[in-house]
Every structure is written in structure tokens, then in C-alpha cells.
Amino acid sequence: MSARIFISRDSGALCVGAEEVARAFYKAFETRGLDVEIVRTGSRGMYWLEPLVEVAADKGRVGYGPVKAGDIDALLDAGMLEGKPHSLGIGVVDDYPWLESQTRLTFKNCGIIDPRSLEDYKAHGGYRGLAKALAVGPKATIEEVITSGLRGRGGAGFPTGIKWRTVADTQTQQKYIVCNADEGDSGTFADRMIMEGDPFVLIEGMTIAGIAVGATYGYIYIRSEYPDAIEAMEIAVREARKGGMLGRRIAGSEFDFDMEVRAGAGAYVCGEETSLLESLEGKRGEVRAKPPLPAHIGLFGKPTVINNVLSLATVPIIMSEGGPHYRDFGMGKSRGTMPIQLAGNIKHGGLYETAFGITLGALVDDIGGGTRSDRPVRAVQVGGPLGAYFPRALFDTPFDYEAFTAADGLIGHGGIVVFDDTVDMAKQARFAMEFCAIESCGKCTPCRIGSARGVELVDKIVAGDDAAANLIVLEDLCNTMKFGSLCALGGFTPYPVMSALTHFPEDFGAKKRLQAVE
Ligand SMILES: Cc1cc2nc3c(=O)[nH]c(=O)nc-3n(C[C@H](O)[C@H](O)[C@H](O)COP(=O)(O)O)c2cc1C
Ligand code: SF4
């Protein structure tokens, strides 16, 4: 049997040179007359080790990284193809502590399988969830998802099974499944990793959703900034169709389900579900008033399940292993695992899937290894641009929907962006308002006008222009935005602003500080 090596073609690996490394390996094997198969996978999510090259050895896959084209001769001379030691070696990848300490359920196959091969997906347990759904039928499938305690991973944390039941109970001929792959939150990349590393799991999850609620068609709405994910999903959809897993009578059953990929045009607000539906219908991405819920009147006026990539990609393992298995992980009302994304100024940035309940401090200090700049961590923003800033004093907060709400924060899509002690929190607060002003869809006044006034107020406070009075106005404005906005873009922008003010008031006091960083 010829040797096999594995190199990611995930965009996180590509942007640090994985393609050049793969090409250099092809050349080196040719020059040396070696018969070696190169399998292109997704990423394991240890981005500081990319390009990570893995070799199939007797003891498991042995990893080397980060590999540059110039390292290849030395690696081959050292016996890399037999998994022998080298200074870039990390040993058996599955035993590497950063990976070994995770609970990988949603990301079980990511970085392991060939994302373009339906056969490889099936060989790694793929489509067992669908088989179970077909065996137990729609009603029991929804009950299994409800039992699992799965909550929407897109940000709002709404119970997925309940949403599905609402659509299932709505009687019409045509219903839709829409996958939200807009992934606009800063510091998040889990959706992209799944689409590039394990696209069939998402297709399987959408198919199960379709069967469960009685929908025969689905759309995956992917942000246009993700060309590799779009390509990976399009290839996988074609392969699934070719293999009888999409289209008429899927997997030989009585059910039909098909889907297509649609690219967004680059607006943060198009990640908001109703805005996304407008965009899918070919209109300007503007938020719809609720009610009606998309579950009742959604895409093209039909009942629609709209779920995040991670929510849908978790359904196959819930079905194959059972709802109770998934529910047994986690704490409180946060059941199962969360694919947490460590980003920003952090030593070990990447994807860390673990059961809910781990503390923020453990994630940042122990798993993330502190800052890349080797300076003290001062603040972390959790949950994207609308998430609160947490100071060290709150690092004992467990990763749990309710605990984060109690700390005036949100988990959102699980992104953690780390800042060191050079960060200017007044500047961050200003940025939150500015971001909202730029991305606002303009439909409601608190967000459209409030965000522009918010920028001005932060500027005045930092400049010492009647700071005490303007601080009161800013707080008042934040309350108006929080309670008066139509959607969470305007409604949650106060979180980063108020958390910066509450936990880092010293940054709002002096004019010289802003001047120093500008
Ligand atoms: C401004 C804004 C942007 C959003 N962006 C996303 C996004 O990029 N991806 C996502 O899945 N959900 C996003 N959401 C949440 C969606 O509106 C919706 O709650 C989600 O797609 C439902 O899926 P889930 O229940 O599986 O989380 C956003 C919400 C708001 C208000
Ligand atoms: S809060 Fe902002 S983004 Fe949301 S509906 Fe109002 S104007 Fe549009």
C-alpha cells in the first residue's frame, strides 16, 4: 500500500501556504520516485500549526507543523513518511493535548475526512443519522432533537427542536429549510470550517430537517467572502445528488429533498434571519417585523426552518447517537457541546469544541495560552461585534447561555476575541457604535439614528466635552437602542458599549489617551 499524507485545503490553512506546501510535496515525491497519496482535508482547527501535514502511520496519524515548502526535504530525510521524529513533529495528532482534551461531536470528522468524497464521509459514520431519521419518522426525529436540548448556535440560542415542531405543525404544501451561513461575527469561523472540512454533515443535517418538518427544498446562504466554502458546498451538493442522497427518493426512501447554494453580497445584517430571507428573495436586505415568525411565514411566504450551520451540522450526531447522549454533556439549560472559536491576540487560536460549562478564563489562559504578544490579557469580547467585553475579573464566568446573560453578555456564535493591555476600550466602544451605524439596515430609528449619535457621544466623552452629562446621555441612548430597536443589531450594540464603560471606565476619562493611539 502506498503512503498517505493529509494536508488541509481549508481557507485558514490556504492563507498560510497549504497550497504551496502541497505542491512542493507533489514535486518532492516525483523527484524521489515515491508513491505517496496526498489527501486534501479540512483543518483540525489548530491554526498556529497550519500548514499541518499528517502522515498515516501504524500508531495513528502523526502530525508535523507548521510546515513550509523549504522543510520538506529535511522532513522526508528524517523519515516523516514512517511517522518518525522531527523538530516540527507533534506526535499522534489525536493524542495532542489541545485536541485530545476536546469533546468533538459536531466537529468529529473535520480535518480527518476528504470533504469532496461522499464515500469517505460514509466510511466515517456519515448518513447514520439520516438512516435513523428515516427509520423512526418525522415526529420521533423532532422529539429526539428536542430531547438533545440543542439550541440555535447562530446567536439567539432558541431550541432547535421547538422551531422544527412549529414548522412541522404548520400545514402547507411547500416549506423550506434555510441554512444561515452568513457568519458575520468577528472572530468566528466554525461555520466556514464545517463547510470546507465536512460539508456532507451539513447536507445530512438539512436533509433530516427537511424530512422532519415536511420540506422538500433547502437553501444554504453563504457569505460571498467565503469562496472556498461556496466551492466546497457546491461540490458536496453535486456529489450527494449523484450518490442518491439528494433529489427524489433520497437514500431509496419515500422522501424527496434537494438544495442549492446561494451567495450573499456582504452585509452583516443579512445574517439576521428575516433580512436573509429578503436577500434570498432577491430584495434589499432589510429586517422584517416579527410576527409573523419565519416558521409561519418565511421564504417566499412559506413556513421556513432557518438554522445556523452548526445547529444543522449537529443534528446527524444527535440522531445517530441519540438525544440523551448529546444532552448528557453541558450544564444547566446549555446542553451538549459548543464549538468555541479562539481569535484575536491569542497564542493558540483555533476551534475548540467542548461541553458547556468551561470557564472563560480556562479558555483564554489555559487553552488559548494567553496573548500572542506576550502581554497581559486585558479584555475579551465574546459573541461577535454585538457581544460584551469581559475583564479578567469575570473570567470565572462559565460558558453557558444563562451565565453569560447574567453577566450582561452573550455567547452568540461562540467567538472569543482577545485583546492585550494596549487596547483602548473607548476606541472599541466607539467602534461598536460606528459598526452599527455602517451596518444598520435603516428600518428603525433607535438603530439608524442612535448609532450615529452614539459615535458622537463617545467622541465627546473622550474629548472631555461635558463628559459627565454626555455619559448620562450615552447610557440613556443605549437603553433606547436596547429596548426600542427592531432587531438585535441595534438592540445589542449597547452591550459592547456599556461593558466597556462599566469595566474600563478609566479609558473614557482622558483626551490624551485617544490622541495617543490615533
Ligand atoms: C444583526 C444580526 C446578524 C446575525 N448574523 C447571523 C449569522 O451570521 N449567522 C447565523 O447563523 N445567525 C445570525 N444571526 C441570528 C439569526 O437571526 C437567527 O437567530 C439564526 O440564524 C437562527 O438559527 P439558529 O436557531 O440555528 O441559531 C444574526 C442576528 C442578527 C440580529
Ligand atoms: S435594529 Fe438596525 S438593523 Fe435592526 S431593523 Fe432596526 S435599523 Fe435595521
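Residues numbered from 1 in each chain as written. Chains lettered and ligands numbered in written order. Predicted model: local features only at pLDDT ≥ 70, side-chain atom pairs only at ≥ 80, totals over all residues. Heavy atoms only, no water.

Participant: Provide a residue-level description of the domain arrangement of the protein chain, including the pertinent values.
Facilitator: For the protein chain, the domain assignment lists domain 1 (3-100), domain 2 (118-327), domain 3 (330-420) and domain 4 (425-517). Here the C-alpha centre of domain 3 lies 26 Å away from the C-alpha centre of domain 2. With both sides pooled, the region where domain 2 packs onto domain 3 buries about 1,700 Å², and carbon together with sulfur makes up 58% of that total. Three residues stand out in domain 2 for area buried against domain 3, namely Arg151, Arg153 and Phe189, and they jointly supply 32% of the buried area on that side. Counting the contacts that link domain 2 with domain 3 gives one salt bridge. Applying the counting rule to domain 2 against domain 3 returns 12 residue pairs in polar contact (both at pLDDT 80 or more). For the side of domain 2 that touches domain 3, the secondary-structure elements that each account for two or more residues are helix H9 (190-197) and helix H14 (323-327). Split by residue class, the side of domain 2 that touches domain 3 holds six nonpolar, 10 polar and six charged. (Domains from an automatic or database assignment. Buried area = accessible area lost by both parts, 1.4 Å probe. Salt bridge = Lys/Arg side-chain N within 4 Å of Asp/Glu carboxyl O. Polar contact = N/O pair within 3.5 Å; in protein donor to acceptor, adjacent residues only side chain to side chain. Helix = DSSP H or I, 4+ residues; strand = E, 2+ residues; numbered from the N terminus. Nonpolar A, V, L, I, M, F, W, Y, C, P; charged D, E, K, R; others polar.)

Participant: Go over the side chain of Thr207, please, and point to the residues and values.
Facilitator: Among the structural elements, Thr207 can be located in helix H10 (residues 199-213). By relative accessible area, Thr207 is classed as buried at 0%. Among the polar contacts listed, one links the side chain of Thr207 to the backbone oxygen of Ile203, at a separation of 2.6 Å. (Buried < 20%, exposed > 50% of the residue type's maximum accessible area, 1.4 Å probe, protein only.)

Participant: How would you explain empty space enclosed by the protein if you had to name every residue and give the values?
Facilitator: Inspection of every chain in the model, using the stated rule, returns two cavities of 30 Å³ or more. Forming the walls of the largest cavity are Val287, Ser440, Cys441, Gly442, Lys443, Cys444, Cys447, Ser485, Leu486, Cys487, Leu489 and Gly490. Of the residues belonging to the lining of the largest cavity, the class tally is seven nonpolar, four polar and one charged. Volume-wise, the second largest cavity comes out at about 60 Å³. As for the second largest cavity, its lining consists of Phe6, Ser8, Thr41, Gly42, Ser43, Arg44, Glu50, Leu52, Glu54 and Gly111. Across the lining of the second largest cavity, the residue classes break down as two nonpolar, five polar and three charged. (1 Å grid on protein atoms, 1.4 Å probe; cavity = no way out; pocket = protein on both sides within 12 Å on 5 of 7 lines; lining within 4 Å. Points joined across faces, edges and corners; volume = space filled by probe spheres on them.)

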